[in-house]
Amino acid sequence: MKINKGKTVVLLVGTVLTAMGLHAGAFRPSGQPIALSDSMKADTAAVDKPNSVVDEVIWVVGDEPILKSEVEIMKLQSEAEGVKWDGDPECILPEQIAVQKLFLHQAAIDSVEVSESEIAQGVDQQINYWISLPQIGSKEKLEQFQNKSMTQIRQDLHDDYKNRLLVQKMQEKLVSDVKVSPAEVREYFKKLPVDSIPMIPTTVEVEILTQTPKVEPEEVNRIKNLLRDYTDRVTKGETSFATLARLYSEDPGSARQGGELGYMGRGVLDPAFAAAAFNLTDPKKVSKVVESEFGYHIIQLIDRRGDKVNVRHILLKPNVSIASIDAAKERLDSIGKDIQKGKFTFEDATAYLSDDKDTKNNHGLMVNSQENTRTSRFKMKDLPTEVARVVDTMKVGEISVPFQMTNARGKVVCAIVKLKERIPEHRATITEDFQAMRDIVTAKRRKEILHDWVVKKVKETYVRINPRYKSCNFQYEGWLK
């Protein structure tokens, strides 16, 4: 977990990297990992043998070799995903790996960095996905399936995911300034044949009003006393802060890294957390207990570089009692009934009664923030799971019964929602779907910029290709010199 004030930023790779046809390491372009069958495991084990003929160097890009084994593993993974190639995979896959190496090289030049916390989140996502598969189902089965300990699995995934993040961030940097004007959007779609205009899936607009269940004072004191005890143990030298973070922190992203968050600026951190973190000057000392929107923390300084700080933290979240949850639902039920009686509107109620800071000043209207866009329309899959489940059966204008959910900050809240609008699936129009159409044109422009960047980079980079690949029809010109 990053201690961000807003919603987690969606990286560009989901649109641009996939559109370019690139894969990165052992991860799907969508970010979802894959699992290998027993036969694929055997094949993968074979290409891992150091003396195997498949380990020959087939390309060199700059000073980076590409091995035949890399291509074979990527081919197996792609086949498991059901990828269909528009051409010869023996030509397509080495080129994809080569392009990835170009982005990684530029990321190193530009000092693009990713934090261990970000990497740990991605590795956890992949491992959790594997465990969720019916044929695995547990960490023990995963270890047996991979014939590795969990520690080894994490180590093997670490560099793959780090490279994937670096490619994402490098691409994001290259296209960060891309903007398209309304005139460009209209001109692009004016030239499209009617049957080529995209279909827009069903979307909804949802208003939400939340109440946060009260945490009992005894529970808050219990959490604070635990954190003070951790501080005492560190101060007395009984153990290290990092060890306690691994054992007890409820921030899964950083806990595995000993609580380390990586270098962050004040603006991306919760204000209370940032104030405490930037006030630390002695790496041997531990902060007082800090309350943020995520829970309660203690913080230890690692290093400071200019306007960025790298700290460790331990996060503990108070438990919310069933009685408190029931009381919050009762309050919401009463509010909902008053709205239905016409005492006030749902929109007015959010301004005065809702605890949701992100929506209460917007008449409760939920905002869908993705990449560089903000819209009030959500595809059902983009809504929080608990909200989508409720909205799915509602009619426009209807107010839901109270329900429990976990908000973007990881806190338990209770909510009621109003379905403001449901827009059925339809072919896009410039008047109704301008944002979606602009996103399409923007993605196209970004893809073009990245394509041109790769072509230019290839011209400037030493490339040596095994002669048997010289008859390939590559996506990017300039490989053959």
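The structure displayed is predicted, hence computed values, not measured ones. (Residues numbered from 1 in each chain as written. Predicted model: local features only at pLDDT ≥ 70, side-chain atom pairs only at ≥ 80, totals over all residues. Heavy atoms only, no water.)

So, the sheet that holds strand β15 (residues 463-465)
Part 1: In space, the 3 strands of this open sheet follow the order β2-β1-β15, with antiparallel pairing throughout. Unpaired on one side and paired on the other, β2 (64-67) and β15 mark the two borders of the sheet. Averaged over all pairs of adjacent strands, the angle between their axes in this sheet comes to 20 degrees, without regard to strand direction.
Part 2: Here strand β1 (residues 57-61) pairs with β2 via 4 bridges, running antiparallel. Within the sheet, the bridge partner assigned to tryptophan 59 lies in β2 and is isoleucine 66. (Pairing = 2+ DSSP bridges. Helix = DSSP H or I, 4+ residues; strand = E, 2+ residues; numbered from the N terminus. Axes fitted to C-alpha atoms, helices over the stretch in contact; angles between N-to-C directions.)

Describing the packing of helix α5 (residues 116-132) against helix α7 (residues 150-174)
Part 1: It is the contact of α5 with α7, at a shortest axis distance of 8 Å, that shows an interaxial angle of 120 degrees. Of the possible angle classes, the one that applies to α5 and α7 is oblique. Here α5 and α7 pass one another in a crossing that is right-handed. Counting all contacts with α5, which are made through Glu116, Glu118, Ile119, Gly122, Val123, Asp124, Gln126, Ile127 and Trp130, the residues of α7 involved are Met150, Ile153, Arg154, Leu157, His158, Tyr161, Lys162, Leu165 and Lys169.
Part 2: Of the residues in the contact of α5 with α7, the class split is 9 nonpolar, 3 polar and 6 charged. (Parallel < 35°, antiparallel > 145°, perpendicular 65-115°, else oblique. Left-handed = near helix turned anticlockwise from the far one by under 90°. Contact = heavy atoms within 4.5 Å. Nonpolar A, V, L, I, M, F, W, Y, C, P; charged D, E, K, R; others polar.)

Focus on the confidence of the model for the chain
Interpretation of the predicted coordinates at a detailed level should be avoided for regions scoring low in pLDDT.
Part 1: Per-chain confidence: the chain averages 84 in pLDDT, with 88% of residues scoring 70 or above.
Part 2: Within the chain, no element has a lower average pLDDT than helix α1 (residues 16-20), which sits at 34, and none a higher one than helix α9 (residues 217-235), at 97.
Part 3: Throughout residues 1-54 the model reports pLDDT below 50, and contacts reaching past four residues in sequence, or to other chains, amount to 144 contacts. (pLDDT = per-residue confidence, 0-100.)

Some words on the packing of aromatic side chains
Part 1: Within the structure shown, the criterion is met by 5 aromatic pairs.
Part 2: Arranged with centres 5.1 Å apart and planes meeting at 85 degrees, the rings of tyrosine 188 and phenylalanine 189 form a pair that is edge-to-face.
Part 3: Pairwise contacts between aromatic rings join Trp59, Phe474 and Trp479 into one cluster.
Part 4: The ring centre of phenylalanine 278 lies 4.4 Å from the NZ or CZ of arginine 266, which sits over that ring. (Phe/Tyr/Trp six-rings, centres within 6.5 Å; stacked < 30°, edge-to-face > 60°. Lys NZ or Arg CZ within 6 Å of the ring centre and 35° of its normal.)

Focus on the state of the cysteines
Part 1: Counted according to the given criterion, the structure contains 1 disulfide.
Part 2: Paired by a disulfide, cysteine 91 and cysteine 472 hold their sulfur atoms 1.9 Å apart. Classification of the bridge connecting cysteine 91 and cysteine 472 rests on its S-S torsion, roughly -70 degrees, and on that basis the disulfide is left-handed. Taken together, the positions of cysteine 91 in helix α4 (residues 89-109) and cysteine 472 in the segment after β15 put the pair 381 residues apart, joining distant regions of the chain. Summarising the burial analysis for this pair, cysteine 91 and cysteine 472 share the class buried. (Disulfide = S-S within 2.5 Å. Buried < 20%, exposed > 50% of the residue type's maximum accessible area, 1.4 Å probe, protein only.)

Focus: the packing of α4 against α7
Part 1: One can describe the packing of α4 onto α7 by two numbers: an axis separation of 9 Å at closest approach and a directional angle of 75 degrees. Here α7 runs roughly perpendicular to α4, going by the angle between their axes. On the side of α4, the interface is formed by Gln100, Phe103, Leu104, Gln106 and Ala107, while α7 contributes Asn163, Leu166, Val167, Met170, Gln171 and Leu174.
Part 2: Taken together, the residues that form the contact of α4 with α7 break down as 7 nonpolar, 4 polar and no charged.

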